Amino acid sequence: MPGIDECLLEAMALPGAKGAALVDWSSGLALGTAGDSPVGDHETTAAETAELARAAAEYESFAPADEAPLRGEAAGPPVEDLIVTTRTGYHVLRFVETSFDSSVFLHLWLDRADGNLALARHKLRALAEGLVLR
């Protein structure tokens, strides 16, 4: 079970990965970073992506309060992941379920020409499930 640094290094091993971070969406702080930032500053990127994550997780338009988990599923973050596409890249935000009341997500920035969005979603899901927050 990887910790934050190992998790981000694994994310950076994906084809086309340009940057990765673990972000607390309630505070907007980066808990760990690897690679580059789209704006040259990981803290600015963390704060901006946290705003997007917070909107998706808290607004009923995206995460209705009456949506109960399917039978046998544990309650977790109300949103699994978000994908933002730009002309040059993809931003994938994967919410992380933790054993404590937490609001964190993995953010992976991929180059559009070299990145594989399906592979990135699959890998981020596995990383989020195995992440050990210490």
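Our subject in this report is the structure included herewith. Computed from a predicted structure; not experimentally measured. (Residues numbered from 1 in each chain as written. Predicted model: local features only at pLDDT ≥ 70, side-chain atom pairs only at ≥ 80, totals over all residues. Heavy atoms only, no water.)

Scanning the protein from terminus to terminus reveals three helices and five strands. Along the protein, helices (α) and strands (β) appear in the sequence α-β-β-α-β-β-β-α when read from the amino end. For the protein, the residues scored as buried account for 43% of the 134 residues in total. Restricting to contacts in the protein with at least 6 residues of sequence separation, those with at least 24 account for 52%. Accessible surface, the protein as shown: approximately 7700 Å² in total, 50% of it carbon and sulfur. (Helix = DSSP H or I, 4+ residues; strand = E, 2+ residues; numbered from the N terminus. Buried < 20%, exposed > 50% of the residue type's maximum accessible area, 1.4 Å probe, protein only. Contact = heavy atoms within 4.5 Å. Areas by Shrake-Rupley, 256 points an atom, 1.4 Å probe, with all protein chains shown as cover.)

Further remarks concern the nonpolar core. Ranked by size, the top nonpolar core spans 20 residues in total, and within it Val 96, Leu 106, Leu 108 and Leu 124 carry the most contacts. At the level of elements, α1 (4–12), β1 (17–24), β4 (89–96), β5 (104–111) and α3 (117–130) are the ones that each hand at least two residues to this core. Excluding residues within four positions of it along the chain, Leu 106 makes contact with Cys 7, Leu 8, Ala 21, Leu 22, Val 92, Leu 93, Arg 94, Val 96, Leu 124, Leu 127 and Ala 128. Counting 15 residues, the second-largest nonpolar core is a separate cluster that includes Ala 21, Val 23, Ala 30 and Leu 82. (Core = buried A, V, L, I, M, F, W, Y, C linked by side-chain atoms within 4.5 Å.)

Turning our eyes to something else, we now look at the side chain of His 107. Structurally, the position occupied by His 107 is in strand β5. Exposure remark for His 107: the relative accessible area of 5% places this residue in the buried category. The contacts of His 107, once residues within four sequence positions are left out, are Gly 19, Ala 20, Ala 21, Thr 45, Thr 49, His 91, Val 92 and Leu 93.

Here Ser 37 is to be found in the loop between β2 (29–35) and α2 (42–58). Within the local environment of Ser 37, its side chain forms a polar contact with the backbone oxygen of Asp 41, the two atoms lying 3.1 Å apart. Once you skip the residues sitting within four places of it in the chain, Ser 37 turns out to touch His 42, Thr 45 and Trp 109. (Polar contact = N/O pair within 3.5 Å; in protein donor to acceptor, adjacent residues only side chain to side chain.)

Pairing in this open sheet of five strands is antiparallel, and the strands run β2-β1-β5-β4-β3 from one edge to the other. Each end of this open sheet is capped by a strand with a single partner; those strands are β2 and β3 (81–85). Ignoring which end each strand starts from, the neighbouring axes of this sheet average 15° apart. Strand direction decides the pairing type here: β1 and β2, joined by six bridges, are antiparallel. By the bridge assignment, Ala 20 is partnered in β2 with Ala 34. On the sheet, α2 packs against β1, β2, β3, β4 and β5 and is oriented at approximately 120° with respect to β2. Against the sheet, α3 makes contact with β3, β4 and β5, and its axis sits at roughly 25° relative to β4, the strand it touches most. (Pairing = 2+ DSSP bridges. Axes fitted to C-alpha atoms, helices over the stretch in contact; angles between N-to-C directions.)

Honestly, that's just the spatial picture; any functional story needs more than this.
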